[in-house]
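What follows is each chain in one-letter form.
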Amino acid sequence: MVKKLTSYRIITVWCKCWQKLIKYKKWPWRRLLKIHRDRITKDYSGIFLDNYDPAWTDLYCPNCKQRITTVQVVNWKYINKVNQWQIWIIRKS
C-alpha cells in the first residue's frame, strides 16, 4: 500500500558548494533520504528532471563535481538516493 503525499512542506536543497539544486515536496517530519522525480517542483541545476540514467548511476553537482545522489530502483520506481554528506543545508521555502 502506497501512502499518498497529502501534507507536505516545500524545501530548498543546496549542495555544500552553495549551488542551489531543487525545490522539493517532502513529508514534514522526516529526513531527506530519497528524491522522487514526481515530487520536484523546480529543478535549478537541470540534472534531476531530465535524467533517465539506469540504476546505480551517480549524479554529480554541476559546480563542484561531487556526488549528490545515486539512481536506484525502489518498488519498481526510479528514485535518487541522497548522499547525506554532500547536502549542506535544507531550508523551508
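Check the entry above for the structure.
A quick note: this is a predicted structure, and the numbers were derived from the prediction, not measured. (Residues numbered from 1 in each chain as written. Predicted model: local features only at pLDDT ≥ 70, side-chain atom pairs only at ≥ 80, totals over all residues. Heavy atoms only, no water.)

With that out of the way, let us pick up the pattern of salt bridges. Under the criterion given, the structure shown has one salt bridge. Across the pair Lys-77 and Asp-38 runs a salt bridge, and its minimum N-O distance is 3.7 Å. Of this pair, Lys-77 sits in strand 7 (residues 77-82) while Asp-38 is found in the loop between strand 3 (34-36) and strand 4 (40-43), placing the two residues 39 residues apart along the sequence. Exposure remark for Lys-77: the relative accessible area of 36% places this residue in the partly exposed category. Residue class for Asp-38 comes out exposed when judged on its relative accessible area of 56%. (Salt bridge = Lys/Arg side-chain N within 4 Å of Asp/Glu carboxyl O. Helix = DSSP H or I, 4+ residues; strand = E, 2+ residues; numbered from the N terminus. Buried < 20%, exposed > 50% of the residue type's maximum accessible area, 1.4 Å probe, protein only.)

What follows concerns the pairing of strand 2 (residues 20-26). Where strand 1 (residues 9-15) and strand 2 come together, six bridges link them in antiparallel fashion. Following the sheet pairing, Val-13 is matched in strand 2 by Ile-22. In sequence, strand 1 turns back onto strand 2 through a hairpin of four residues, with Trp-18 there showing a positive phi of about 70 degrees. (Pairing = 2+ DSSP bridges.)

There is a patch of like positive charges on the surface, built from Arg-30, Arg-31, Lys-34 and Lys-81. Tracing the backbone through its elements, the reader meets Arg-30 in the loop between strand 2 and strand 3. (Patch = residues over 30% accessible without salt bridge, like charges linked within 9 Å, V, L, I, M, F, W, Y side chains within 5 Å. Areas by Shrake-Rupley, 256 points an atom, 1.4 Å probe, with all protein chains shown as cover. Lys, Arg positive; Asp, Glu negative; His and termini not counted. Charge placed at Lys NZ, Arg CZ, Asp CG, Glu CD.)

This brings us to unusual backbone geometry. Positive phi values are uncommon outside glycine, yet Lys-65 reaches one of about 60 degrees. Here Lys-65 lies in the loop between strand 5 (58-60) and strand 6 (67-74). Despite not being glycine, Trp-76 shows a phi value in the positive range, around 60 degrees. Within the fold, Trp-76 resides in the loop between strand 6 and strand 7. Assessed through its relative accessible area of 83%, Trp-76 is described here as exposed.

Shape descriptors only; they carry no functional weight alone.
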